[in-house]
Amino acid sequence: RHWSSCAEAGLSGFTPTATGRVDGLLETYFERLKALPDPAPTTAIIAEIETLFWELGEVNACCDGRLLETDERELLVPIIIEAASAAGLNTEDFQAGDPTFEFRTF
């Protein structure tokens, strides 16, 4: 719904291709986490987070940095953290419970 409202508002970068890539990257992240052993090693979960943020940064760069900004971060980061937690990551081990902070580029 967020993508649609941004596209309807005429915001730059919110093309179906770009937003579809973000959605696909999130789905892949979820699948990669599900494929990890139970319990998953912390290092493996963190590696998946790092990969996801690198890939999201690439998509954002293709949109001149206009696709993923603060509003999108506020929507995406909680979902990313929740999935990592479900995979076994103890988020309390990270400042403010946020293992994504050091990888964010948006």
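If you're wondering where the values come from, they're calculated on a predicted model, not measured in any experiment.

J.: Please clarify how the overall build of the protein chain should be interpreted in this entry.
T.: Across its full length, the protein chain carries four helices and zero strands. In the protein chain, the succession of helices and strands from N to C terminus is α-α-α-α. Over its C-alpha trace the protein chain gives a radius of gyration of 14 Å, about what one expects of a compact globule, namely 13 Å for 106 residues. When its C-alpha atoms are laid out on the principal axes, the protein chain stretches across 45 × 25 × 20 Å. A burial count over the protein chain gives 41% of its 106 residues as buried. Restricting the contact set of the protein chain to residue pairs at least 6 apart, pairs at least 24 apart contribute 67%. Counting 7 positive and 19 negative side-chain charges, the protein chain places the averaged centre of each group 5 Å from the other.

J.: Is there a simple way to think about the pattern of salt bridges in this case?
T.: In a structure, side chains of opposite charge can pair up when their charged atoms sit close to one another. Applying the stated criterion across every chain, the model contains five salt bridges. Taking the shortest distance from any N to any O, the salt bridge between Glu48 and Arg32 comes out at 3.7 Å. Of this pair, Glu48 sits in helix 3 (residues 42-62) while Arg32 sits in helix 2 (residues 16-35), placing them 16 residues apart in sequence. Residue Glu48 is classed as buried on the basis of its relative accessible area of 17%. Note that Glu74 is salt-bridged to Arg73, the shortest N-O span being 3.6 Å.

J.: Would you mind going over the state of the cysteines with me for this structure?
T.: Working definition of a disulfide: a covalent bond connecting the sulfur atoms of two cysteines. Counted according to the given criterion, the structure contains zero disulfides. Of all cysteine sulfurs, the one in Cys63 lies closest to Cys62, which takes part in no disulfide; the gap is 6.5 Å. The class of Cys63 is buried, set by a relative accessible area of 13%.

Cut-offs used in this document
Residues numbered from 1 in each chain as written. Predicted model: local features only at pLDDT ≥ 70, side-chain atom pairs only at ≥ 80, totals over all residues. Heavy atoms only, no water. Helix = DSSP H or I, 4+ residues; strand = E, 2+ residues; numbered from the N terminus. Rg over C-alpha atoms; globule rule 2.2 N^0.38 Å. Buried < 20%, exposed > 50% of the residue type's maximum accessible area, 1.4 Å probe, protein only. Contact = heavy atoms within 4.5 Å. Lys, Arg positive; Asp, Glu negative; His and termini not counted. Charge placed at Lys NZ, Arg CZ, Asp CG, Glu CD. Salt bridge = Lys/Arg side-chain N within 4 Å of Asp/Glu carboxyl O. Disulfide = S-S within 2.5 Å.

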